[in-house]
Each structure stands twice: as C-alpha cells, then as structure tokens.
Amino acid sequence: MEFHEKLQELRKSRGLTQEELAEALYVSRTAISKWESGRGYPSIDSLKEISNFFSVTIDELLSGEKLISIAEKENKSNMQRMCDFILGMVDVFTVLLIVLPLYPNPIDGYIYSVNLPSYTDTTSFNRMIYWMMYIALITTGIVKILLTQQKVEKGQKVVTACSMGLSIFTELFLAMTREAYAVTMVFLLLIIKGALLLKRTQITEAVWDRHGSH
C-alpha cells in the first residue's frame, strides 16, 4: 500500500475530514489533498506529526528508500534557501558603498576619502546613477531575502538574474568613471555572488545525479 493510500485509510479510520486532519497537523487542506492524491509527500517534520497523531511509526508510513529520498530533497531545498538568503544579504551589503569612505574628494589641495553623501568631485549625473544603482541592488537583496524567508520559489530566478545584471552594470559604470575603491568592493561582492550561484547549481546537480543513479 502506497503512502497516499495509508494516509487516507488512517484519516477515515478516525472519521476525520481533510480539513480536520489539516487543522490537527497544522498544515493546509490543500497539502492533505495533495498527499492523499499521491501528488507529493510531506516534509520530515510533517511525517513526524502524522506519525505521532496516528500512533504509527514513520517506517509504517513510508519505505526506507522513499524516506531517504524525501530527506535528501528537503536537505537540498534547505541548502538552496541558505544560498538564496546569503545572496540577498550580499546585495544588502551594497549599503557599504554608500556609507564607507570609498570616493576621492580633493579639499584644499589634499585628497580625502569620503562616503557617497559627501562626495562632490564628480558630476551630478554620475552621483545620481550611483544612488540609483546602489538602491536598486539593496532593494533586490531585500526582495530576495523576503522570498526566501517565505519559501516562495516563483520569481526567485528573475530576482537572481536582476541581481547579477545590476552588479555587472554597476561594476562597468564604476570602472568607466574610475572609482577604483568602489570598483574593487563591487567586484568582491560579485565574486561572492558567483561562488554562491555555483554552489547552488552543484547542490541541485548532485541530488539529480543521486536520483539518476537509483
């Protein structure tokens, strides 16, 4: 007997509706419907709740192989969310380009390093573009973090693409305007983002290879 059949049988043996079981397990009715129709499996935490609620072991609900598969998928999702969260944080760290003294400003024959609000030794157009680029990156980072925290997959790829595109544009524009320190800072953040995206891809491919070998 498959998991979805066992769950349906256990629910009916208690005389519960899908709504009542969902309330008891602190999940949505849609989740119960999905599990009972065989279109998906619960997370490890939800499996524990089901096990406790019906006083059965997890082994009675699922085969060992399927349990391992669910654990691997959940672990992969957790690691990917961690990468996405850090990606968002890296973009939020763009605020450092605003507050740190990264811009050369000549005063009375001396060149001082100042932060962006105090920077006057460039055109108004350049300063406006700097502010727009930095605020766009910070906003992108906040959106990325919120999507990750809410476990929303839809839109993640678009936000990540925007993040990388903005970083590359920022790097090129700062290079054209010869802001050496700011260019170095953006380049470092870009390298970190690239490494995180590579790690995320490797996690996905490793899990696919594991399933393929089975």
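Up top is the structure.
What you see is a predicted model, and the numbers here were worked out from it, not measured in a lab.

Once that is clear, we can look at helix H6 (residues 64-92). Between the first and last C-alpha of H6 there are 42 Å, a value that for 29 residues agrees with the 42 Å anticipated at 1.5 Å per step. Along H6, the positions that sit buried rather than exposed are Ile-70, Glu-72, Lys-76, Gln-80, Cys-83, Asp-84, Leu-87, Gly-88, Val-90 and Asp-91.

Quick look at the environment of Ile-111 now. Counting through the fold element by element, Ile-111 comes out in strand E2 (residues 110-114). For the pair Ile-111 and Ser-77, spaced 34 residues apart in sequence, the C-alpha to C-alpha distance is 49 Å. In this structure, Ile-111 is in contact with Pro-104, Asn-105 and Pro-106, ignoring residues within four places of it in sequence.

Among the surface-exposed residues, Ile-107, Tyr-110 and Tyr-112 lie close enough to one another that they form a single nonpolar patch of about 330 Å² accessible area. Checked against the element boundaries, Ile-107 lands in strand E1 (residues 103-107). The exposure class assigned to Ile-107 is partly exposed, which follows from its relative accessible area of 38%.

Below, the discussion takes up the nonpolar core. If you look at the biggest cluster of nonpolar residues, it comprises 22 residues, and the most contacted ones within it are Leu-97, Tyr-103, Leu-116, Tyr-130, Tyr-134 and Leu-174. Going through the elements one at a time, H6, helix H7 (96-99), helix H8 (124-149), helix H9 (156-176) and helix H10 (180-213) are the ones with two or more residues in this core. No other element matches the six residues that H10 contributes to this core. If sequence neighbours within four positions are ignored, Tyr-103 has contacts with Leu-97, Tyr-112, Ser-113, Val-114, Asn-115, Leu-116, Tyr-119, Tyr-134, Glu-179 and Ala-182. Phe-3, Ile-50, Leu-62 and Ile-70 belong to the second largest nonpolar core, which has 18 residues in total.

Take the pairing of E2 next. Sheet analysis places E1 next to E2, joined by five bridges and oriented antiparallel. The residue bridging Pro-104 from the neighbouring strand is Ser-113, located in E2. Between E1 and the antiparallel strand that follows it, E2, lie two residues; Asp-108 among them carries a positive phi value of about 50°.

Right, let's get into the pattern of salt bridges. Summed over the entire model, instances satisfying the criterion amount to five salt bridges. Ionic pairing is found between Glu-36 and Arg-11, a salt bridge with its closest N-O pair at 2.5 Å. Here Glu-36, found in helix H3 (residues 29-36), pairs with Arg-11, found in helix H1 (residues 3-13); they are 25 residues apart in sequence, far enough to count as distant. Look at Arg-11 and you get buried, because its relative accessible area is 10%. Counted as one network, the salt bridges with shared partners bring together Asp-84, Lys-144 and Arg-200.

What counts, and where the lines are drawn
- Residues numbered from 1 in each chain as written.
- Predicted model: local features only at pLDDT ≥ 70, side-chain atom pairs only at ≥ 80, totals over all residues.
- Heavy atoms only, no water.
- Helix = DSSP H or I, 4+ residues; strand = E, 2+ residues; numbered from the N terminus.
- Expected span 1.5 Å × (residues − 1).
- Buried < 20%, exposed > 50% of the residue type's maximum accessible area, 1.4 Å probe, protein only.
- Contact = heavy atoms within 4.5 Å.
- Patch = residues over 30% accessible without salt bridge, like charges linked within 9 Å, V, L, I, M, F, W, Y side chains within 5 Å.
- Areas by Shrake-Rupley, 256 points an atom, 1.4 Å probe, with all protein chains shown as cover.
- Salt bridge = Lys/Arg side-chain N within 4 Å of Asp/Glu carboxyl O.
- Core = buried A, V, L, I, M, F, W, Y, C linked by side-chain atoms within 4.5 Å.
- Pairing = 2+ DSSP bridges.

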